[in-house]
Amino acid sequence: MTRVNKLTQEVSEKIAAGEVIERPSSVIKELVENSLDASSDDIRVHINKAGKELIRIIDNGHGIHPDDVELAFSRHATSKVSGINDLNKISTLGFRGEALASIAAVSRIELRTRQNNQKEGTKLIMDGGIIKEIGSTGCPVGTDISVKDLFFNTPARLKFLRKDASEIALIQDIVNKLALAHPNVRFSLFNNNNKLLNTSGRNDLFEVIANIYGYQTAKKMLYVEYDANDISLRGYISRPELTRSNRNYQTLYVNGRYVKSSFLSERIEKGYHTLLAKHRYPFAIIKMNIPQEKLDINVHPAKIHVRFSDQKYVGDVMTKAITNTLKREELIFQASPTKNVDFDSGSQIRISKAMYYDDNQYQKSTFTENDLKKPSSDKSTNIKKSYKRPNTYEKVESIQPKEKANFEDKNKTNTTNSTEIEADYMAREKIEENNNQSIVNEENSELLQEVIEAKVIGQIFATYWILEGNNEIFLIDQHAAHERVNYHKLMQTYNNDKIKSQQVIPYTIELDTAGVTVVTNNLDTLKKCGLEFELFGKNTLLVRAVPFAIRDVFDSKALYDLIDQIIEHPENTPDLESLEEMLISIACKKSVKANEKMSLVEFFSLLKSLLVTPNAFTCPHGRPTIIRMTKSNVEKLFYRIM
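The sections below set out a description of the structure shown in this document. Not measured: the values here are computed from a predicted model.

1. Topic: the sheet that holds strand β13 (residues 257-259)
Here comes step 1: The strand order β9-β10-β15-β12-β13 describes an open sheet built from 5 strands, whose pairing is mixed. Each edge of the open sheet is held by one strand with a lone partner, namely β9 (221-228) and β13. Across the sheet, the mean angle from the axis of one strand to that of its neighbour is 20°, orientation sign disregarded.
Here comes step 2: Bridge count for β9 against strand β10 (residues 231-238) is 8 bridges, and the pairing is antiparallel. Within β10, the residue paired with Met221 across the bridge is Ser238.
Here comes step 3: Sheet strands touched by helix α9 (residues 262-271): β12 (250-254) and β15 (284-289). Its angle to β12, the strand with the most contacts, is close to 115°.

2. Comments concerning the nonpolar core
Here comes step 1: Counting 57 residues, the largest nonpolar core has Ile28, Val32, Phe73, Leu180, Phe187 and Ile209 as its most contacted members.
Here comes step 2: The dominant element in this core, judged by the number of residues it contributes, is helix α6 (residues 164-181), at 8 residues.
Here comes step 3: Of the domains in this structure, domain 1 (9-81 + 95-197) and domain 2 (220-329) are the two that each give at least three residues to this core.
Here comes step 4: With residues near it in sequence (within four places) discarded, Phe187 still touches Val32, Leu36, Ile43, Val175, Leu178, Ala179, His182, Leu197, Asn198 and Thr199.
Here comes step 5: Ile231, Val254, Tyr272 and Val317 belong to the second largest nonpolar core, which has 28 residues in total.

3. Looking at the sheet that holds strand β21 (residues 464-468)
Here comes step 1: Taken in spatial order, the 4 strands line up as β20-β21-β22-β26 in an open sheet, and their pairing is antiparallel. This sheet does not close on itself; its edge strands, each paired only once, are β20 (455-460) and β26 (626-630). Along the sheet, successive strands turn relative to each other by an average axial angle of 20°, direction set aside.

4. Some details on the pairing of strand β3 (residues 108-114)
Here comes step 1: Of all the 7 residues making up β3, 5 are buried; the element is thus mostly covered by neighbouring parts of the structure.
Here comes step 2: Pairing of β3 with strand β4 (residues 121-127) involves 6 bridges; the strand directions are antiparallel. When the bridges of β4 are listed, Ile109 appears paired with Met126.
Here comes step 3: Counted between consecutive antiparallel strands, the loop separating β3 from β4 contains 6 residues.
Here comes step 4: Looking at chain direction, β3 and strand β6 (residues 142-148) are connected through 7 bridges and run antiparallel.

5. Structural notes on the packing of α6 against helix α16 (residues 513-520)
Here comes step 1: Look at α6 against α16: their axes get within 8 Å of each other, and the N-to-C directions meet at 170°. As the angle between them shows, α6 and α16 are arranged roughly antiparallel. The segment α6 lies against α16, with Ala165, Ile168, Ala169, Gln172, Asp173 and Asn176 engaging Thr513, Ala514, Thr517 and Val518.
Here comes step 2: For the contact of α6 with α16, the residue count by class is 5 nonpolar, 4 polar and 1 charged.

Calculation criteria
- Residues numbered from 1 in each chain as written.
- Predicted model: local features only at pLDDT ≥ 70, side-chain atom pairs only at ≥ 80, totals over all residues.
- Heavy atoms only, no water.
- Pairing = 2+ DSSP bridges.
- Helix = DSSP H or I, 4+ residues; strand = E, 2+ residues; numbered from the N terminus.
- Axes fitted to C-alpha atoms, helices over the stretch in contact; angles between N-to-C directions.
- Contact = heavy atoms within 4.5 Å.
- Core = buried A, V, L, I, M, F, W, Y, C linked by side-chain atoms within 4.5 Å.
- Buried < 20%, exposed > 50% of the residue type's maximum accessible area, 1.4 Å probe, protein only.
- Domains from an automatic or database assignment.
- Parallel < 35°, antiparallel > 145°, perpendicular 65-115°, else oblique.
- Nonpolar A, V, L, I, M, F, W, Y, C, P; charged D, E, K, R; others polar.

All quantities given are derived from atomic positions and should not be read as evidence of function.
Pasting the structure below:
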């Protein structure tokens with residue numbers, strides 16, 4: 001059996017380095033935080049080859065004393081904590097005394113530093129944690145540190161770094177967060193001498209937000225100012241119409257330190273109560289100041305997690321601040337200036353969502369160009385006249401919004417009238433005709449044949465349909481069924497035309513600087529998927545083409561969601577499969593919703609389409625579309641049989 005032995009200093013230092021230094025962005029975070037603790041107001045970050053070859057941080061802070069330079073690279077050496085009591089009142093960003101030693105252990109270091117009261121500066125050169133040279137040198141006040149050949153002596157760590165574009169995006173993200181936390185500091189970021197970020201240092205948070213996320217995004221932000229006893233909150237949150245598909249755009253600070261807290265994020269979203277769509281998350285840049293003795297930041301070596309002594313109270317303050325901010329604003333949704341009119345080969349005009357589309361509806365309306373030219377005495381426009389009751393034989397997409405005449409009047413009772421009975425027979429006749437032509441998809445077995453022969457009892461809870469068969473009943477979820485039908489049709493169209501692009505009237509989308517970097521580094525790959533972008537300013541991309549097969553539903557929101565996926569999972573190269581996965585979400589949004597009344601005609605149209613759809617028994621999310629209960633199952637529920 002192997003005996004216990006003490007690790008050598010070289011091995012222990014490399015292990016410890018792995019806890020603090022995971023990638024180039026970790027190095028930059030630690031070094032920039034040191035610059036901020038040194039009261040710097042001008043910080044320049046230079047990287048080569050995504051920080052693998054070179055990371056250089058130049059600041060104008062107070063520098064390091066000549067006698068402390070060598071000691072600063074020793075493990076657990078720091079100027080910020082001197083005793084155990086100091087851990088309860090930490091006001092600096094760094095305090096553990098691990099960063100410099102960890103960085104030096106896995107790289108080659110060159111440092112130049114000078115304090116204001118020193119005539120000469122100090123130069124230090126290290127290789128893998130070993131000092132090679134130390135002495136005097138001429139340099140300006142502040143610190144200039146270069147980290148070269150990161151992970152040169154730990155090839156396993158180097159091997160698992162992401163592609164350069166992904167690492168650059170992570171670096172941009174961390175520098176952006178530091179710039180947002182300190183708008184009074186001028187930040188510059190260069191990659192291979194190309195400027196990626198440049199803030200003014202004028203202590204204007206709104207200006208920094210506009211610099212990073214774009215001016216159009218910044219205009220949709222609301223200022224937050226809230227004080228409660230010993231807690232104060234300042235920052236910006238987005239209007240409800242500005243959301244993303246994940247929480248990556250929620251940036252939280254506690255006492256000037258960037259932190260990750262799912263608890264605080266949940267309390268922010270609670271403040272938007274009922275104002276956000278499901279699985280949509282607001283932008284937020286929130287700075288919280290709280291007495292040091294009421295929190296613990298010594299939770300993890302990365303120092304991005306905190307604990308609060310009274311978490312519930314802190315959460316309530318956050319929610320109250322968000323709620324109060326939203327209450328004092330007129331939250332009328334602002335239509336985005338995206339594409340408004342798009343002529344296709346069929347000479348039809350599609351009205352954009354901003355012009356004539358309600359999220360509660362599930363079918364975009366279309367009308368012909370000639371409809372615009374017809375005179376009308378009805379000032380409500382000809383758009384309403386373009387609606388018509390769906391024909392029994394039309395495809396399921398013909399289902400129209402419930403506000404229009406083709407839906408049952410909300411004031412009517414649920415009693416089926418003679419017109420609907422006639423429509424019932426007409427629809428059933430058509431299905432029976434198709435039965436003779438083997439309309440049912442072979443993959444769906446004989447069960448669907450039994451479904452179409454069943455008698456429709458009616459709709460319950462405005463969501464489910466009950467059908468009675470031969471000693472059995474069927475429950476059909478209208479939303480799940482419609483979702484499966486829509487997904488299959490989108491996939492069919494997409495698979496037939498997936499490489500083709502549809503040129504669109506160019507429109508712009510705004511991203512933060514990290515998002516722009518990811519997209520611009522994947523332009524060729526995205527073009528193969530049918531997406532064509534063009535850089536149109538610092539934070540703006542011009543959309544020139546989208547995949548032909550899904551051009552009608554691939555709007556700016558879908559683009560943002562796709563780009564968020566690429567940013568969140570940069571290790572996955574965007575490909576056709578990435579777009580196909582989005583069709584599930586699109587199919588869901590296009591489908592009739594739960595709690596929506598459907599007529600018999602509409603239901604039979606849906607049922608007819610379901611019959612010819614593969615995998616008809618589940619929606620794309622895996623939920624059942626049809627549930628079957630035999631007569632004996634029902635009788636067992638009533639204990640008629642045992």
